[in-house]
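# Understanding the architecture of this molecule
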Amino acid sequence: MGGHVTGAVTALASELPEWATLLRAPNPGVMTLEGTNTWLLRAPGAAYGVLVDPGPADEGHLAAIAAQGPIGLVLITHGHPDHTEGSPRLHELLGGVPVRAVDPAHSIDAPPLTGDGSDGTELGGDGCGLSIRLVPTPGHTADSICLLVEQGGRQVVLTGDTILGRGTTVVGHPDGHLGDYLASLELLSGYRGIPALPGHGPALADCGAAADFYLAHRRARLDQVRVALDEGAETAAEVVAKVYADVDRSLWWAAEWSVRAQLEYLGRESSTDTPGLETP
């Protein structure tokens, strides 16, 4: 369970609801997989659609999104550039449609997203024909959220980078926090049998099952980090060399982000003022 994971962690979704459309950005890479997933949510007969994560500032991608109009609202799952860089230009192309994110820096002509979703506040508005509720899931980043969407008796969870369609995500210290991430996965484990529409990779059939796998994987990695420290690893880089030996070295820089988050979680922060554990 603690080894490097590259495939889907649960069964792929066999089909998507008719009101959910994937518009994948042309930015493939080791961190973005096939590219950033931009999701268009449009209920049958609705006055407008809701867009989740515009993606990069690629003019062709943004033009393809705009061609799917009318779009009445843009929502952001978290503030990383591969999800938000295109927001200002898309805001223009859509005629000033509001963009909402947890981080005010990524909201445009709209208040930031707030609350924990427990008050039943609907994000989409009356014209979209969808129930869209905020599910706060910090951890990957401090501002990460998921979205529970329902229409016509079918539900999906848009998971951003909290759960990916393939492999596992990075908890990037210091913005990302492993304790928050584990709590978010525990929350998502309750969404049994509901498809997960991720920020990268294919849609998964069961958000709850994926969250369970992620939890087990993270806990196994923590055990490996504990062993590496007990065996004398003194820097984050040394922990990576022991724990992530099965990962391509070209990805060790990303693994080191997660290790720093793991060390913080374990109370053994990788910093020069922590006895016996130093940054390289």
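In short, a report on the structure. These numbers were taken from a predicted model, which means no experiment stands behind them.

Our next topic: the sheet that holds strand β5 (residues 99-100). Overall, mixed pairing links the five strands, which are arranged β1-β2-β3-β4-β5 in an open sheet. Each edge of the open sheet carries a strand with a single partner, namely β1 (20-24) and β5. Pairing geometry for strand β4 (residues 71-75) and β5, over two bridges, is parallel. Across the sheet, residue V74 finds its bridge partner in β5, namely V99.

Moving on, we come to the packing of helix α4 (residues 178-188) against helix α7 (residues 252-265). The contact between α4 and α7 brings their axes to 8 Å, and the two run at 90°. As the angle between them shows, α4 and α7 are arranged roughly perpendicular. Taken together, the residues of α7 that come into contact with α4 (itself represented by L178, G179 and L182) are A261, Q262 and Y265. The residue makeup of the contact of α4 with α7, split by class, is four nonpolar, two polar and no charged.

The residue S258 is located in helix α7 in this model. At 3.4 Å, the side chain of S258 forms a polar contact with the backbone nitrogen of V171. When sequence neighbours within four positions are dropped, the list of residues in contact with S258 reads V170, V171, R218 and Y244.

A few words now on the nonpolar core. For soluble globular proteins, nonpolar side chains are generally found buried alongside one another. Counting 24 residues, the largest nonpolar core has V157, I163, L178, L188, Y191, C207 and Y214 as the members making the most contacts within it. Element by element, the count of residues in this core is highest for helix α5 (residues 207-230), at six residues. The contacts of V157, once residues within four sequence positions are left out, are C146, L147, L148, L188, Y191, I194, P195, A196, L197 and C207. Counting 23 residues, the second largest nonpolar core, distinct from the first, contains L75, L130, V156 and A203.

Attention shifts here to the environment of L33. Considering the arrangement of structural elements, one finds L33 in the loop between β1 and β2 (37-41). Exposure remark for L33: the relative accessible area of 17% places this residue in the buried category. In this structure, the C-alpha to C-alpha distance between L33 and G199, residues 166 residues apart in sequence, is 9.7 Å. Those residues within four positions of L33 in sequence are excluded, and the remaining contacts are P28, R166, H200 and G201.

Calculation criteria
Residues numbered from 1 in each chain as written. Predicted model: local features only at pLDDT ≥ 70, side-chain atom pairs only at ≥ 80, totals over all residues. Heavy atoms only, no water. Pairing = 2+ DSSP bridges. Helix = DSSP H or I, 4+ residues; strand = E, 2+ residues; numbered from the N terminus. Axes fitted to C-alpha atoms, helices over the stretch in contact; angles between N-to-C directions. Parallel < 35°, antiparallel > 145°, perpendicular 65-115°, else oblique. Contact = heavy atoms within 4.5 Å. Nonpolar A, V, L, I, M, F, W, Y, C, P; charged D, E, K, R; others polar. Polar contact = N/O pair within 3.5 Å; in protein donor to acceptor, adjacent residues only side chain to side chain. Core = buried A, V, L, I, M, F, W, Y, C linked by side-chain atoms within 4.5 Å. Buried < 20%, exposed > 50% of the residue type's maximum accessible area, 1.4 Å probe, protein only.

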